[in-house]
Amino acid sequence: MALTAETESRLYRSLRVVSGAAAHLVALGFPAAVAVLARPGSSLFSWHPLLMALAVSAAPRGGECPAPGAPAQGRLAGANAAALCPQFSFLMTEALLIFSPETSLLRSFSRKVRVRVHWALQLLALLCALLGLGIITYNKHLNGKGHFVTWHGLTGLLAVLYTGGQCAGGVLLLYPKLMKNWTLAKLKLYHATSGLVGYLLGCASLMLGMCSLWFTTTVTGASWYLAMLCPLVTSLVIMNQVSNAYLYRKRSQH
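Residues numbered from 1 in each chain as written. Predicted model: local features only at pLDDT ≥ 70, side-chain atom pairs only at ≥ 80, totals over all residues. Heavy atoms only, no water.

> Mind showing me how you'd approach the overall build of the protein here?
A count of helical and extended segments in the protein gives nine helices and zero strands. Moving toward the C terminus, one meets the helices and strands of the protein in the order α-α-α-α-α-α-α-α-α. Counting the 254 residues in the protein, one finds 45% classified as buried. Within the protein, contacts between residues at least 6 apart in sequence are counted, and of these 80% link residues at least 24 apart. Total accessible area on the protein stands at roughly 13100 Å², and carbon and sulfur atoms take up 69% of it. (Helix = DSSP H or I, 4+ residues; strand = E, 2+ residues; numbered from the N terminus. Buried < 20%, exposed > 50% of the residue type's maximum accessible area, 1.4 Å probe, protein only. Contact = heavy atoms within 4.5 Å. Areas by Shrake-Rupley, 256 points an atom, 1.4 Å probe, with all protein chains shown as cover.)

Okay, here's the thing in structure tokens:
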């Protein structure tokens, strides 16, 4: 039996609500799981994965997780990993989900309030990313190792730089008069689409981090595959949200 347009619309909306709720759970649960694995404070490196997970949910940069009694250089490496993880998972994901019409935690508030919270979360995400990047860079220096010689390191560096540029570009939305030849609608479209690219870049760095020696020796079997699903779930949800809010709407106007 063919579904009516109204039934299809309700079904699609229900799926978006369920997927959005799943994204919220992943954004909160993934950094929590990384914190348990990395044990922040047990080493310097342990902060790298946690901070990146809070920002986008990025995993450690690679290498083995040092033992609690390891020297200062090893402890530094661990801290760095924990710090980078939260940046891309919790903060950035929630900063984008704030504008979801179905699952935003602040949907009862005005758009002005949501924009301000979006800005605050994005800046916190960038701060966590810069802190995590600084920790792992310093740890590499102490251990005499090369910087940004892996795909995870390169994509992570690119994601952090891109995030910084994206935050700077967001200033144009606060002060659209700076771009007199651009309409506010066009600025919003470009900001949303470029932000999506940056988010996907961060998730790619996260997934590469989960292929590192530290993560693969800590998380094995079905748990590893489940962890890899986390950034895929949030990426699909964010892609659908941006597409429905800007890309599909723009296409329908032509």
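> Whenever I open this one, the nonpolar core confuses me. Can you help?
When a protein is soluble and globular, its nonpolar side chains tend to lie buried together. Counting residues in each nonpolar core, the largest one holds 21 residues, and the members touching the most others are Leu91, Leu97, Leu121, Tyr199, Ile238, Val242 and Tyr246. Counting only elements with at least two residues in this core, the list comes to helix H4 (91-97), helix H5 (111-142), helix H7 (184-209) and helix H9 (222-252). Residues contacting tyrosine 246, with those up to four places away along its chain left out, are Arg111, Lys188, Leu189 and Ala192. By size, the runner-up hydrophobic cluster in this structure holds 20 residues, among which are Val26, Ala38, Trp224 and Ala227. (Core = buried A, V, L, I, M, F, W, Y, C linked by side-chain atoms within 4.5 Å.)

> I'm lost on the packing of aromatic side chains in this one. Help?
By convention here, two paired aromatic rings are described through the distance between centres and the angle between planes. Counted by the stated rule, this structure contains two aromatic pairs. An angle of 75° between the planes, with centres 5.4 Å apart, marks the rings of tryptophan 182 and tyrosine 190 as edge-to-face. With a relative accessible area of 36%, tryptophan 182 lands in the partly exposed category. Residue tyrosine 190 is classed as partly exposed on the basis of its relative accessible area, which comes to 40%. Note on tryptophan 224 and tyrosine 225: the rings are 5.1 Å apart at their centroids and 85° apart in plane angle, and the pair reads as edge-to-face. The ring of tryptophan 182 has lysine 186 sitting right over it, with the charged end atom 5.9 Å from the ring centre. (Phe/Tyr/Trp six-rings, centres within 6.5 Å; stacked < 30°, edge-to-face > 60°. Lys NZ or Arg CZ within 6 Å of the ring centre and 35° of its normal.)

> Looking at this structure, how should I read the environment of tryptophan 182?
Structurally, tryptophan 182 can be placed in the loop between helix H6 (151-174) and H7. For tryptophan 182, the contacting residues outside a window of four places in its chain are Leu187 and Tyr190.

> I'm lost on a nonpolar patch on the surface in this one. Help?
Residues Val171, Leu174, Tyr175 and Leu178 make up a contiguous nonpolar surface patch of about 370 Å² in total accessible area. Examined against the element boundaries, leucine 178 turns out to sit in the loop between H6 and H7. Note on leucine 178: relative accessible area 58%, which makes it exposed. (Patch = residues over 30% accessible without salt bridge, like charges linked within 9 Å, V, L, I, M, F, W, Y side chains within 5 Å. Salt bridge = Lys/Arg side-chain N within 4 Å of Asp/Glu carboxyl O.)

> Is there a simple way to explain the packing of H5 against H6 in this structure?
Between two packed helices, both the angle of their axes relative to each other and the distance between the axes serve to describe the pair. One can describe the packing of H5 onto H6 by two numbers: an axis separation of 10 Å at closest approach and a directional angle of 155°. Our classification of the angle between H5 and H6 gives roughly antiparallel. The element H5 and its partner H6 pack so that their crossing is left-handed. Residue-level contacts link Val115, Arg116, Trp119, Gln122, Leu126, Ala129, Leu130 and Leu133 of H5 to Leu157, Val160, Thr163, Gly164, Cys167, Gly170, Val171 and Leu174 of H6. (Axes fitted to C-alpha atoms, helices over the stretch in contact; angles between N-to-C directions. Parallel < 35°, antiparallel > 145°, perpendicular 65-115°, else oblique. Left-handed = near helix turned anticlockwise from the far one by under 90°.)

> Sorry, what's going on with the pattern of salt bridges here?
A pair can form between side chains of opposite charge whenever their charged atoms are brought close. All chains considered together, the criterion is met by two salt bridges. Here arginine 13 makes a salt bridge to glutamate 102, at a shortest N to O gap of 3.7 Å. Separated by 89 residues along the polypeptide, arginine 13 in helix H1 (residues 5-38) and glutamate 102 in the loop between H4 and H5 bring together distant segments of the chain. With a relative accessible area of 47%, arginine 13 lands in the partly exposed category. We classify glutamate 102 as buried; its relative accessible area is 11%.

In short, shape yes, function no, at least from these values alone.
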